[in-house]
Amino acid sequence: MTIIPFFSFGTFSPDLPAILVAVVGLKYGKSFGMINGFFLGLVFDFISGGIIGLSSFTKTLNGFVAGFSSNEENNQEQISS
């Protein structure tokens, strides 16, 4: 919460958990991005006190969409060689 004011532009402030989920989805693929997004969103729902499941749903979709840009097959080939 202390870092976010440095990155806010007027009334716009970035959603740092969504950025984290997108980075994980890009790096590890859509399955791990979805799992990470669901649990991170669920924790965010419980902390914020909003509608339970709304953030977890959107962050799960975020991890899934970001995972499409990942090349999971290429990652496995790089690990094995």
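Definitions and cut-offs
- Residues numbered from 1 in each chain as written.
- Predicted model: local features only at pLDDT ≥ 70, side-chain atom pairs only at ≥ 80, totals over all residues.
- Heavy atoms only, no water.
- Axes fitted to C-alpha atoms, helices over the stretch in contact; angles between N-to-C directions.
- Helix = DSSP H or I, 4+ residues; strand = E, 2+ residues; numbered from the N terminus.
- Parallel < 35°, antiparallel > 145°, perpendicular 65-115°, else oblique.
- Left-handed = near helix turned anticlockwise from the far one by under 90°.
- Contact = heavy atoms within 4.5 Å.
- Nonpolar A, V, L, I, M, F, W, Y, C, P; charged D, E, K, R; others polar.
- Salt bridge = Lys/Arg side-chain N within 4 Å of Asp/Glu carboxyl O.

Draft legend 1. How the structure looks around the packing of helix H2 (residues 16–28) against helix H3 (residues 30–48). Between H2 and H3, the least distance of the axes is 7 Å, while the angle of their chain directions is 160 degrees. Classified by the angle their axes make, H2 and H3 are roughly antiparallel. For the crossing formed where H2 meets H3, the hand is right-handed. Of the residues in H3, those touching H2 at Pro17, Leu20, Val21, Val24, Gly25 and Tyr28 are Lys30, Phe32, Gly33, Asn36, Gly37 and Leu40. Across the contact of H2 with H3, the residue classes tally to seven nonpolar, four polar and one charged.

Draft legend 2. Structural detail: the side chain of Ser55. Summarising the element assignment, Ser55 is placed in helix H4 (residues 54–68). When sequence neighbours within four positions are dropped, the list of residues in contact with Ser55 reads Gly41, Phe44 and Asp45.

Draft legend 3. The arrangement of the environment of Ala18 in detail. Take Ala18: it is sitting in helix H2. It is 7.7 Å that separates the C-alpha atoms of Ala18 and Gly37, two residues lying 19 residues apart in sequence. The residues contacting Ala18, other than those within four sequence positions of it, are Lys59 and Asn62.

Draft legend 4. Fine view of the pattern of salt bridges. Taken as a whole and assessed by the stated rule, the structure comprises one salt bridge. Its salt-bridge partner being Asp15, residue Lys59 comes within 3.2 Å of it at the nearest N-O pair. Placement of the pair is Lys59 in helix H4 and Asp15 in the loop between helix H1 (4–7) and H2, with a sequence separation of 44 residues.

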